[in-house]
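Chains, contacts and geometry: an overview
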Amino acid sequence: MEAFGIVLAISVALALGAMSPGPSFIVVARMALANSRVSGLAAAVGMGIGGFLFSILALLGLTALLATVPVLYLSLKVLGGMYLIYVGFRLWRGAREPIEFSRPDAREQSSILRSFVIGLATQLSNPKTALVYAGVFTAFLPSESPHSLLVVLPITVLIVETGWYSLVAIVLSAPVHRARYLKLKMWIDRAAGVAMAALGTKLIVEATPT
């Protein structure tokens with residue numbers, strides 16, 4: 001697979017994962033709804049930088065693993081596949097669960113810097129994100145990846161994460177758009193769940209000796 005195709009495939013997989021509502025979604029939406037669009041965007045940047053740091057850790061761990069013990073490459077595929085299938089199952093099972101937003105008191109209005117810090121801390125508080133990155137990277141990266149690709153991927157994660165949550169902040173700052181999104185939540189969750197489960201199955205199949 002050409003480098004551009006690899007980056008595109010990883011971008012799509014990461015975008016599907018980012019689109020599934022979770023703690024990060026709630027934080028960005030809460031900032032945009034309760035404070036301002038700018039606060040939501042600041043939180044989105046924090047999410048992006050958190051994802052950027054996790055992707056670097058995932059790549060460092062993955063490349064070191066492949067360099068020292070190649071046989072563990074297949075083990076990581078299996079473990080990553082099982083986790084992604086689990087994520088897909090959770091997304092599908094929770095598709096009908098509503099998302100509840102709470103409006104903070106006026107005294108809790110956040111500054112731009114505070115919104116950024118909260119977004120970054122929320123992203124970094126979930127170490128499973130690094131496992132998802134490792135699983136996605138393993139699915140599409142060849143065993144010997146060019147150094148340029150390893151540099152581009154963290155930047156890609158930064159763009160995907162920041163871009164998606166910025167869109168969330170912009171759209172959900174308008175109540176009418178938020179209501180429309182919530183109506184489609186079940187289908188978005190199920191689509192993301194199927195995609196994650198399919199990617200996990202792909203990892204396990206590739207790791208199974210023929």
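If you're wondering where the values come from, they're calculated on a predicted model, not measured in any experiment. Within each chain, residues carry numbers counting from 1 in the order of the written sequence. The predicted nature of this model means local features are confined to residues of pLDDT at least 70 and side-chain atom pairs, given and counted, to a pLDDT of 80 or more, with totals for whole chains, interfaces and linings taken over all residues. Side-chain numbers come from the whole structure's heavy atoms, not from hydrogens or water.

Attention now moves to the confidence of the model for the chain. Confidence of the predictor at the level of single residues is given by pLDDT, which spans 0 to 100. In the predicted model, the chain carries a mean pLDDT of 78, and 81% of its residues have values of at least 70. Working definition: helices are DSSP H or I runs of at least four residues, strands are E runs of at least two. Numbering for both runs from the N terminus. Here helix α8 (residues 175–183) is the element of the chain with the lowest mean pLDDT, 71, and helix α7 (residues 147–172) is the one with the highest, 89. A low-confidence stretch, residues 105–110 (pLDDT under 50), is modelled with ten contacts involving residues beyond four sequence positions or located in other chains. It only takes one pair of heavy atoms within 4.5 Å for two residues to be counted as in contact.

Along the chain, Ser55 falls in helix α3 (residues 37–68). In this structure the side chain of Ser55 is engaged in a polar contact, spanning 2.6 Å, whose partner is the backbone oxygen of Phe52. For the purposes of these results, a polar contact is taken to be a pair of N or O atoms within 3.5 Å, where, inside protein, one atom must be able to donate a hydrogen and its partner to accept one; residues adjacent in sequence count only when each atom of the pair is a side-chain atom.

On to the side chain of Arg190, then. Mapped onto the secondary structure, Arg190 falls in helix α9 (residues 185–207). Every residue in contact with Arg190, bar those within four places of it in the chain, is listed here: Trp92, Ala95 and Arg96.

Glancing now at the nonpolar core. Only buried residues count toward a nonpolar core, which is a set of Ala, Val, Leu, Ile, Met, Phe, Trp, Tyr and Cys residues joined through side-chain atoms within 4.5 Å. Under the scheme applied here, a residue whose accessible area is under 20% of the maximum for its type counts as buried, over 50% as exposed, and between as partly exposed, the area being computed with a 1.4 Å probe on protein chains only. Ranked by internal contacts, the top residues of the largest apolar core, which has 30 residues, are Ile10, Val136, Phe137 and Phe140. Of all the secondary-structure elements, those providing two or more residues to this core are α1 (3–19), α3, α4 (72–93), α6 (128–140), α7 and α9. If you tally residues by element for this core, the top one is α6, at eight residues. Grouped together as the second largest cluster of nonpolar side chains are 15 residues, Phe25, Ala32, Ala44 and Trp164 included.

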